[in-house]
Every structure is written in C-alpha cells, then in structure tokens.
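Structure at a glance
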Amino acid sequence: MANIANLWRLAASLTVATAMPVVGQTQPDLGPRPVFNTPHADRAALGQLLFYDPILSGNKSVSCATCHHPRFGTADGLSLGIGDGGIGLGPDRKPDPANLPEQRIPRNAPALWNLGAIEFTTFFHDGRLQDDPSQPHGVRTPLGADMAEGFDSALAAQAMFPVLSPDEMAGHYAENDISKTVRLGLLSQPGGAWDQLAARVSEIPEYRAKFDAVNGPGSPITFPEIGNLIADFIRVEWRADNSAFDRYMAGGSSLTDAQTLGMELFYGEAGCAACHSGWLQTDHDFHALALPQIGPGKAARFENHHRDDGRLRVTGAAADAFAFRTPSLRNVTLTAPYGHDGAFADLGAMIRQHMDPVASLQGYQLSSAVLPDLSTAKDDLILQSPQDMAALADVARPVTPMLSSGQIDAIIAFLHALEDPAERLGIPDRVPSGLPVDR
C-alpha cells in the first residue's frame, strides 16, 4: 500500500498555489476554490477494486466501469448506453444476441470528474438524489423512508442505484437472483438486493481480508459501506483541478490566443458562465434547454410515452418540465456525446443548440448521436411526438447569442484548456472475484 499512499499524496498536492496572474491576460472571478475530501489511500484502493468488479451486477457481467470508463472520459462514449445484455466497451459495445437488452439506458452516462468536491451534493441528470440533512439518513433518494442507513454521502448512495436497474446492472426478469429480488421490489430491505450483493462480496476471501484491513477484523460488509468505498475511489481517482486553465489562474502559464479569446467569450458576451459558473463550471442548478429527445424516455409503468420530463418527475413542479442539471465542463472535451440523452456527439453542435433551440429541434437527425443498433428494443429510437415537440418548443429559449464559427471554435479551444485527465490508481490488473476487468 506504500505506492498507493505515495500516489495519493502526490495527487493531493496538485492543487496549484495562488500566484500573480500573467500580465496581459485578465482572469475571471470564480469565487472560492473547490474543497475536496481526502479519503485514506487504502479505502480508495479497495473502492477501485469494487468499481471495476462485475460481482456487483446481477449476471456478473457489468461493472461500474462498463459505463464509466477512463478510456471514454469516465463515461462510455455512447449517447444511450447498453448495460446488461451488452458485449464490448465504449462505442464498440453491442447487444449480446444471446441476451438482448429490453431497451437502451434512457439517459447518457454522466462523467465522474471532481465529484469528490464538497460542492457536489446533487446527483443524476434530474437531481433525484441529494444530500439533505432534513432526511432521516441525510440523503434524499427515490427510496424515501426505505433508504438504508450507513451511506456517508449522496455520492456514495448514487454509486449504488445503478445496481437496482434491470437495464444497467441488475439484469432482467428471472435472469438471476438479484433481478428476481428487484422485480419483487425488495431493494434496501433486509435480505433485499443490496444485502444479497453485499453477501456476494463477503463470500470472497480476498475481499473479506481487505475489508478487515480497512475497517477492522470482523467488520460487517454492508452495501452502504461498499458505496462509501466506491465514492472514496471516485474522490481520489478523478479529481481534475490541474488543467492549463488552473495553472493560468495561478499565474503558472498563459493560455493560447485562441483559448484566451474563448475564455473572454465564455465569461463575457457568450454568457456561458451564467450557468457554467465557478471553478468547476457549473451552477449545480436545473435548466430547460429543449434538447432533442431520443430513446425510451422516462415513463412510469402505467404511462405510454417516450418523453423525458427531467426535473419535473422529481419535484412535480410544472416550471421544472424538461429541466436537467447543469454539467460541470471539466474534461468536457473528453466526454462526448452531450446532453441528458447524448443527442449531440459534436461539441460545436451542442453549443449551436444553445443559440437556436427551436431550429435545433426541427432539424435534428439521429445521425448526430452515437447509438449501437438495437432494432429489437421496445423504444426503437422514436423521436418525440408532435405534442411533445410542441411542449419542448414552448420552453425553448436561446441561452447564448448568435456566434460565428470562429467564436465557437475559440470557445471549444478554451474548453480544451479545462482538460486534466487525472488518473491515479488506474485500471486494476485483476479483481478479487476473478471476473474479467473492462480494459
């Protein structure tokens, strides 16, 4: 563990010291710097193994890393991914003919950069999971009062909800013990899906020994603690705050002419910073951009539509219709496709959508997305109905003024200055279960 500890000490030292800015370039005022939690190196190392281990999926074929892989900017390179029932990794992932998925995952896999910053308290595209001291367990979740105790943050809890989703990790009806339990609605209860997955981990001697080393001999292996360890790994592995922009802000180097122009537009007349504010370029709020909607959408079992109402499904407030969380722009150039459903594979097209969302809706083509063939899926990529199109157009408001191609290119150049593909522990050679590791 000495090398791991040294790696983490190095990582923790990467926050650039405050210095005078480079003469001739004006710095934006971003407010206080992010504050990061610093978990113990041994906890992060154990979380790394759990993150890459398919043991946490119903069919033992999908890990967290399948949809959040460093090769694809901690996402999967697809507009709408394929979890359980897929073969391959990233844009090469295809349906397994022997176990076809029922549908695509309805939302784009979000990136994991800087989620260890304490300002991140709300998770998922619609914010349905968030830290909330008023709740009995400190986290507001879709499980409500049935939420299990022991998660130390919403970050830890959000890492553990995909295992309950049939299309993501659990598997489909009667495929395995986990999917059967999920279908019965037994999730966080004693003996439910979370307990069953924790029991799987407990039965592996190498995991038992590692949990003893981290938490003490005989310490219980619970699902909340598995989530806490995965969160600690995320906090360490993908802390990205040493980009060219960070070094410039600390006076350590200048930006290129194109990046400087892009920064001036971003924090000036283009108005990007109205929502993409602060050091991590997000206001953590929800906004309706009227993005084109593709895929299965988000509907309750009794509903028959392919619409994704976004934040509305969480709050019930009409003002939240089609609103989604503002993503951080750190490493955004590495995390295509873009939008809650990955409607745009091209960053320039995503910026142009902000300028004229109605025209973007009317002219949208599925070729703008990255989608493996899944012709047997129930959703068959139906675009929104005329009624849904009208509802989207009703909330469509330009949020960026009309920009020239040169100005868009300059903004993209600035976004490249936000790159820091920080990876510290990397992909493990093997995991204690002995199952294959996505590489």
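**Considerations on the overall build of the chain**
The helix and strand tally for the chain stands at 16 helices and seven strands. Computed over the C-alpha atoms, the radius of gyration of the chain is 22 Å, within 12% of the 22 Å expected from 2.2 N^0.38 for a compact globule of 439 residues. With respect to the three principal axes, the spread of C-alpha positions in the chain is 60 × 55 × 45 Å. Within the span of the chain, comprising 439 residues, buried residues form 54% of the whole. Restricting the contact set of the chain to residue pairs at least 6 apart, pairs at least 24 apart contribute 69%. Roughly 18100 Å² of accessible area belongs to the chain as shown, and the carbon and sulfur atoms make up 54% of that amount.

**So, the nonpolar core**
Membership of the largest hydrophobic core comes to 63 residues, with the highest contact counts inside it found for Trp 194, Ile 226 and Ile 230. Those elements giving two or more residues to this core turn out to be α2 (41–52), α3 (64–67), α4 (154–158), α5 (166–170), α6 (177–183), α7 (193–202), α8 (205–215) and α9 (223–237). Sorting elements by how many residues they give to this core places α9 first, with eight residues. Setting aside chain neighbours within four positions, we find Trp 194 in contact with Leu 143, Met 147, Ala 148, Phe 151, Met 160, Phe 161, Val 163, Leu 164, Leu 187, Ser 188 and Phe 223. The next biggest cluster of nonpolar side chains, apart from the first, holds 35 residues, and it includes Leu 80, Phe 245, Ala 343 and Tyr 364.

**Looking at the packing of aromatic side chains**
Under the counting rule described, the total for this entry stands at 14 aromatic pairs. With centroids separated by 5.4 Å and ring planes inclined at 15°, the aromatic side chains of Trp 194 and Phe 223 adopt a geometry described as stacked. Here Trp 194, found in helix α7, pairs with Phe 223, found in helix α9; they are 29 residues apart in sequence, far enough to count as distant. Phe 223 sits in the buried class, given a relative accessible area of 1%. Ring geometry for Tyr 267 against Phe 414: centres 5.9 Å apart, planes inclined by 75°, an arrangement best described as edge-to-face. With Tyr 267 in the loop between α11 (257–266) and β6 (286–288) and Phe 414 in helix α16 (residues 405–416), this pair connects stretches of sequence that are 147 residues apart. Judged by its relative accessible area of 0%, Phe 414 falls in the buried class. Sitting over the face of the ring of Trp 279, Arg 33 holds its NZ or CZ atom 4.0 Å from the ring centroid. A cation over a ring is seen here: Arg 311 above Phe 286, with NZ or CZ 4.1 Å from the ring centre.

**Describing the pattern of salt bridges**
Scanning the model with the defined rule gives 17 salt bridges in all. Salt-bridge contacts for Arg 140 lead to Asp 132; the nearest nitrogen and oxygen are separated by 2.6 Å. Since its relative accessible area comes to 12%, Asp 132 is described here as buried. One network of salt bridges, with partners in common, ties together Arg 43, Asp 152, Glu 225, Asp 232 and Arg 235.

**Comments concerning unusual backbone geometry**
Cis peptide bonds are those with omega within 30 degrees of zero, and the linkage from Ala 336 to Pro 337 qualifies with 0°. Mapped onto the secondary structure, Pro 337 falls in the loop between β7 (323–325) and α13 (347–355). A positive phi angle, near 70°, is found at Thr 74, a position not held by glycine. Along the chain, Thr 74 falls in the loop between α3 and β1 (86–87). Phi at Gln 281 takes a positive value of approximately 55°, unusual for a residue other than glycine. Looking at where Gln 281 falls in the secondary structure, it is placed in the loop between α11 and β6.

**Digging into the environment of Asp 309**
Take Asp 309: it is sitting in the loop between β6 and α12 (312–315). Accessibility expressed as a relative area gives 8% for Asp 309, which makes it buried. In this structure, Asp 309 is in contact with Asp 320, Ala 321, Phe 322 and Ala 323, ignoring residues within four places of it in sequence.

**A look at the confidence of the model for the chain**
With 93% of its residues at a pLDDT of at least 70, the chain reaches an overall mean of 91. Every residue in residues 1–23 is under pLDDT 50, and counting partners more than four places away or in other chains gives 37 contacts.

**A word on the side chain of Thr 335**
Considering the arrangement of structural elements, one finds Thr 335 in the loop between β7 and α13. A distance of 3.2 Å separates a polar atom in the side chain of Thr 335 from the backbone oxygen of Val 332. If near-sequence neighbours (up to four positions away) are discounted, Thr 335 is found in contact with Phe 72, Gly 73, Ala 111 and Trp 113.

**Observations regarding the sheet that holds strand β4 (residues 129–131)**
Strand pairing in a sheet relies on backbone hydrogen bonds, with the paired strands running either antiparallel or parallel. Spatially, β3-β4-β5 is the arrangement adopted by the three strands of the open sheet, whose pairing is antiparallel. The strands lining the two open edges of the sheet, one partner per strand, are β3 (122–123) and β5 (139–140). Inspection of the sheet shows β4 paired to β5 by two bridges, in the antiparallel sense. By the bridge assignment for β5, Asp 131 is matched with Val 139.

**Here we look at the side chain of His 276**
Relative to the assigned elements, His 276 resides in the loop between α11 and β6. Polar side-chain contacts of His 276 include one of 3.0 Å to the backbone oxygen of Gln 281. At a separation of 3.2 Å, a polar atom in the side chain of His 276 contacts the main-chain carbonyl oxygen of Pro 327. Filtering out sequence-adjacent residues up to four positions away, His 276 remains in contact with Phe 266, Gln 281, Thr 282, Thr 326, Pro 327 and Leu 329.

**Some thoughts on the packing of α13 against α16**
Relative to each other, α13 and α16 sit at 120°, their axes nearing to 10 Å. When the interaxial angle is binned, α13 and α16 end up oblique. In terms of crossing hand, the pair formed by α13 and α16 is right-handed. Residues Leu 347, Gly 348, Ile 351, Arg 352 and Met 355 of α13 form the contact with α16, whose own contacting residues are Ser 405, Ile 408, Ile 411, Ile 412 and Leu 415. Considering only residue class, the contact of α13 with α16 consists of seven nonpolar, two polar and one charged.

Calculation rules
Residues numbered from 1 in each chain as written. Predicted model: local features only at pLDDT ≥ 70, side-chain atom pairs only at ≥ 80, totals over all residues. Heavy atoms only, no water. Helix = DSSP H or I, 4+ residues; strand = E, 2+ residues; numbered from the N terminus. Rg over C-alpha atoms; globule rule 2.2 N^0.38 Å. Buried < 20%, exposed > 50% of the residue type's maximum accessible area, 1.4 Å probe, protein only. Contact = heavy atoms within 4.5 Å. Areas by Shrake-Rupley, 256 points an atom, 1.4 Å probe, with all protein chains shown as cover. Core = buried A, V, L, I, M, F, W, Y, C linked by side-chain atoms within 4.5 Å. Phe/Tyr/Trp six-rings, centres within 6.5 Å; stacked < 30°, edge-to-face > 60°. Lys NZ or Arg CZ within 6 Å of the ring centre and 35° of its normal. Salt bridge = Lys/Arg side-chain N within 4 Å of Asp/Glu carboxyl O. pLDDT = per-residue confidence, 0-100. Polar contact = N/O pair within 3.5 Å; in protein donor to acceptor, adjacent residues only side chain to side chain. Pairing = 2+ DSSP bridges. Axes fitted to C-alpha atoms, helices over the stretch in contact; angles between N-to-C directions. Parallel < 35°, antiparallel > 145°, perpendicular 65-115°, else oblique. Left-handed = near helix turned anticlockwise from the far one by under 90°. Nonpolar A, V, L, I, M, F, W, Y, C, P; charged D, E, K, R; others polar.

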